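Each chain, written out:
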Amino acid sequence: MSPQSPNTKSLVEVRELTKTFNGLTAVDHISFDIYEGEILGLLGPNGAGKTTTIHMLLDIVSPSSGNVLFGGKNLRHHREEILRQINFASSHIAMPFSLTVEENLEIFGRLYEVPHRKTRIEQVLEELEMTSLRSKLARTLSSGQMTRLSLAKAFLTQPRLLLLDEPTASLDPDIADKTRTLVREYQRRFACTILYTSHNMKEMEHMSDRIIFLNRGKIVATGTAQEITAKFGQRDLEDVFLTVARNG
Ligand SMILES: Nc1ncnc2c1ncn2[C@@H]1O[C@H](COP(=O)(O)OP(=O)(O)OP(=O)(O)O)[C@@H](O)[C@H]1O
Ligand SMILES: [Mg+2]
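What counts and what doesn't
- Residues numbered from 1 in each chain as written.
- Chains lettered and ligands numbered in written order.
- Predicted model: local features only at pLDDT ≥ 70, side-chain atom pairs only at ≥ 80, totals over all residues.
- Heavy atoms only, no water.
- Helix = DSSP H or I, 4+ residues; strand = E, 2+ residues; numbered from the N terminus.
- Expected span 1.5 Å × (residues − 1).
- Buried < 20%, exposed > 50% of the residue type's maximum accessible area, 1.4 Å probe, protein only.
- Arc of directions from axis to C-beta.
- Contact = heavy atoms within 4.5 Å.
- Polar contact = N/O pair within 3.5 Å; in protein donor to acceptor, adjacent residues only side chain to side chain.
- Domains from an automatic or database assignment.
- Buried area = accessible area lost by both parts, 1.4 Å probe.
- Salt bridge = Lys/Arg side-chain N within 4 Å of Asp/Glu carboxyl O.
- Pairing = 2+ DSSP bridges.

Between its first and last C-alpha, helix H6 (residues 173-190) extends 26 Å over 18 residues, near the 26 Å set by a 1.5 Å rise per residue. Buried within H6 we find Ala 176, Thr 179, Arg 180, Leu 182, Val 183, Tyr 186 and Gln 187. Projected down its long axis, H6 shows its buried positions confined to an angular sector of 160°, all on one face. Exposed side chains of H6 directed beyond 90 degrees from the buried face belong to Pro 173, Arg 188 and Arg 189. For H6, the secondary structure elements touched by its buried residues are strand S3 (39-43), helix H4 (117-127), helix H5 (143-155), strand S7 (161-165), strand S8 (193-197) and helix H7 (201-207). The opening residue of H6, the one whose side-chain oxygen lies 2.8 Å from the backbone nitrogen of Asp 174, is Asp 172. Positive phi appears at Ala 191, one or two residues downstream of H6, with a value of about 50°.

Okay, here's the thing in structure tokens:
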């Protein structure tokens, strides 16, 4: 989907969003939309402000200024109603280690008040091919299995907006590819909207309908991978990344 495509109804409108930590402006007056049903890639060097932006969309971090609108409603004023429609997965967030896969999903199912919880847990275990792992303790999972557990937790609520912060970090190419397929299949099946971060440029190109390029808290480019590559006069996204990261 490109910004010119007919389906540009905004699910999320981010307006002048800013976060300052003790004098450091991590996110600096950024404005962008996430269109209904798209996969939007959030790209940028280490410390660019990607995770902080995602955390503000989840209201884990309070913005210093600016607004997030979800379905036209302000996150600040409709927090509970909006957060029920969002979920997230990150390879950096630890799941309760001393519980089994199934117990983890049970805990999150209760926390999120998932309707028909037991049935939904079974469905998610099957969707992510995790039924054989159900009794395994989280601390004994491999990183690929842990990623799948994190995705399972996120899929549990069938969110309208899925935020994925480096879901394929530290995965081998085979498991990373399977994870991408799972996310794609899930998105097709449930027509959800996804905001996605990754440091893998090929993955960004393949997964994202559009990309927002952040550098030092500011948006430096928005568009399809081809549009951004053309804008910077580079061969591919990798070269754009190196140019931005090294020259600002
Ligand atoms: N809780 C915090 N307190 C102070 N500074 C923070 C905090 N969280 C993030 N920062 C700073 O904000 C900036 C942006 O961090 P953020 O984690 O959003 O970057 P990122 O784009 O996700 O980077 P990476 O690719 O390394 O994950 C960094 O300089 C970071 O040190
Ligand atoms: Mg990050």
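Partitioning the protein chain into domains gives domain 1 (10-85 + 159-247) and domain 2 (92-158). Computed over C-alpha atoms, the centres of domain 1 and domain 2 are 24 Å apart. Contacts between domain 1 and domain 2 engage 16 residues on the former and 15 residues on the latter. A per-residue breakdown of the area domain 1 buries against domain 2 is headed by Pro 159, Leu 182 and Tyr 186, which together make up 36% of the total. The tally of links from domain 1 across to domain 2 stands at two salt bridges. The interface formed by domain 1 and domain 2 holds one residue pair in polar contact (both at pLDDT 80 or more) in total. Looking at the side of domain 1 that touches domain 2, the elements that each hand over two or more residues are S7 and H6.

Further remarks concern the sheet that holds strand S2 (residues 24-35). Sheet strands line up and pair through hydrogen bonds in the backbone, either parallel or antiparallel. Spatial strand order, S2-S1-S4-S5: four strands in an open sheet with antiparallel pairing. If you trace the sheet from one side to the other, it starts and ends with S2 and strand S5 (73-74), each paired once. Inspection of the sheet shows strand S1 (residues 10-21) paired to S2 by eight bridges, in the antiparallel sense. From the neighbouring strand, Val 14 faces S2, where its bridge partner is Phe 32.

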